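Here's the letter readout for the chains.
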Amino acid sequence: MSPAPLSSPAEALVPSVGLTPAALPFLRELGDLKRIHSAEAPGSIAERLFALGWGALLRGDQPAAVMKQIVGAALVSARLGDLDLARLTRLGLGADAVPVLQRAFDEVTGDLDPALAQRLREALVHGRPAPGAVPSFVGKLARQPRAGVTSPGQPRILLQPAENHAEHCLMVAVYGVLASAWHGADPVAVFLAGMAHHFHNADMPDSGYSGEMLLGDRLDTAIETARVACLDELAAANPVLATTVADALAPIAGDTTPEARAFHVADVLDRVLEIEQHLRAAAVTMDVVLGAYGLVHDGPVKAFHDRILADAGLA
């Protein structure tokens, strides 16, 4: 399927043939899962999906099943937020809950690789994974802010609110699964690499590129020491999982395998799109908000609302 240009901001395309600019609107929309909250529970949707994923993995759920449930939930949440299967069922939708999820999924995945889309869509009937006990590194990564923009010899550029490492890892895992089709990669391995690639920041506060350069030839030792602590924690509870995660992490130091390439597509895009969203938000004008987005939208009192804004000098 050939990628097509977006005809409107509501259309989201993830081209099956490879990364193109047509994919960016939906990747940006997915990235906002770091900023969507609800009364359901503390933390962003991305942070909570990260915890749900690790809870499911730790109790022994198959990584392939966890990948499908978490990534499928993320895709649906781009449009439905926290209206997941459990919530819709509690709100009385009954048998109509799954079709609602499927409509949201289909709305944003029209150009996703068909085989991958089918794998993810079939998991919607199961909803998000059930909560479970999580390793201690999950909470640490959720409390550990990302460094912001840093460069050796330069002061840090802080953009608030800062994302945390749990949110970043979740989004890299999701983006990586989408990118796996572009590189012929195993999406499960890419998912696990994304979920685990910042293990070291559970015990290593993020000082960014500038801090890494100051650590010099001791950087690798610090990262490996902190990463091994997380893998040891996994191994104590689930040795098979620890080995599987270590195997998924091994190739990402380079870009020679399909899995490593899909991972790095996801990692670099999330790093840059996270900063871009701060810049885009700062550049939004009232013309965009009131015009393109119709903040004061059509309705029985639209004319009066417009007059109010005009009288106040806001339109």
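Everything numeric here is computed off the predicted structure, so don't read it as measured data.

The rules behind these values
All residue numbers refer to position in the chain's written sequence, counted from 1. Local features in this predicted model are restricted to residues whose pLDDT is 70 or higher, and side-chain atom pairs enter the listing and the counts only when it is 80 or higher, whereas totals over whole chains, interfaces and linings include all residues. The side-chain figures draw on all heavy atoms in the structure; neither hydrogens nor water molecules are used. Going along the chain from the N terminus, every DSSP run of H or I of four or more residues is numbered as a helix, and every run of E of two or more is numbered as a strand. Distance and chemistry together define a polar contact, namely a pair of N or O atoms within 3.5 Å, with one atom able to donate a hydrogen and the other to accept it when in protein, and with adjacent residues in sequence counting only for side-chain atoms on both sides. We call two residues in contact when some of their heavy atoms are within 4.5 Å. Each residue is placed in one exposure class: buried if its accessible area under a 1.4 Å probe, protein chains only, is under 20% of its type's maximum, exposed if it is over 50%, and partly exposed if it falls in between. What the arc measures is the spread of directions leading from the helix axis to the C-beta atoms.

Participant: Provide a residue-level description of the side chain of Lys34, including the pertinent values.
Facilitator: Checked against the element boundaries, Lys34 lands in the loop between α1 (24–31) and α2 (45–58). A polar atom in the side chain of Lys34 sits 2.7 Å from the side chain of Glu163. Side-chain polar atoms of Lys34 contact the side chain of Asp270, separated by 2.9 Å. Not counting the four nearest positions on each side in its chain, Lys34 is found in contact with Ser44, Ala46, Glu163, Glu167, His168, Met171, Asp270 and Glu274.

Participant: Describe helix α12 (residues 239–249), with residues and values.
Facilitator: Buried within α12 are the following residues: Leu241, Ala242, Val245, Ala248 and Leu249. Taken down its axis, α12 places every buried residue within 125° of arc, on the same side. For α12, the exposed residues set more than 90 degrees away from the buried face come down to Pro239, Val240 and Asp247. Taken together, the buried residues of α12 touch α2, α9 (187–196) and α11 (219–237).

Participant: Provide a residue-level description of the environment of Gly43, including the pertinent values.
Facilitator: Counting through the fold element by element, Gly43 comes out in the loop between α1 and α2. Considered as a pair, Gly43 and Pro187 are 144 residues apart in the sequence and their alpha carbons are 26 Å apart. With sequence-adjacent residues up to four places away left out, Gly43 is seen in contact with His37 and Arg48.

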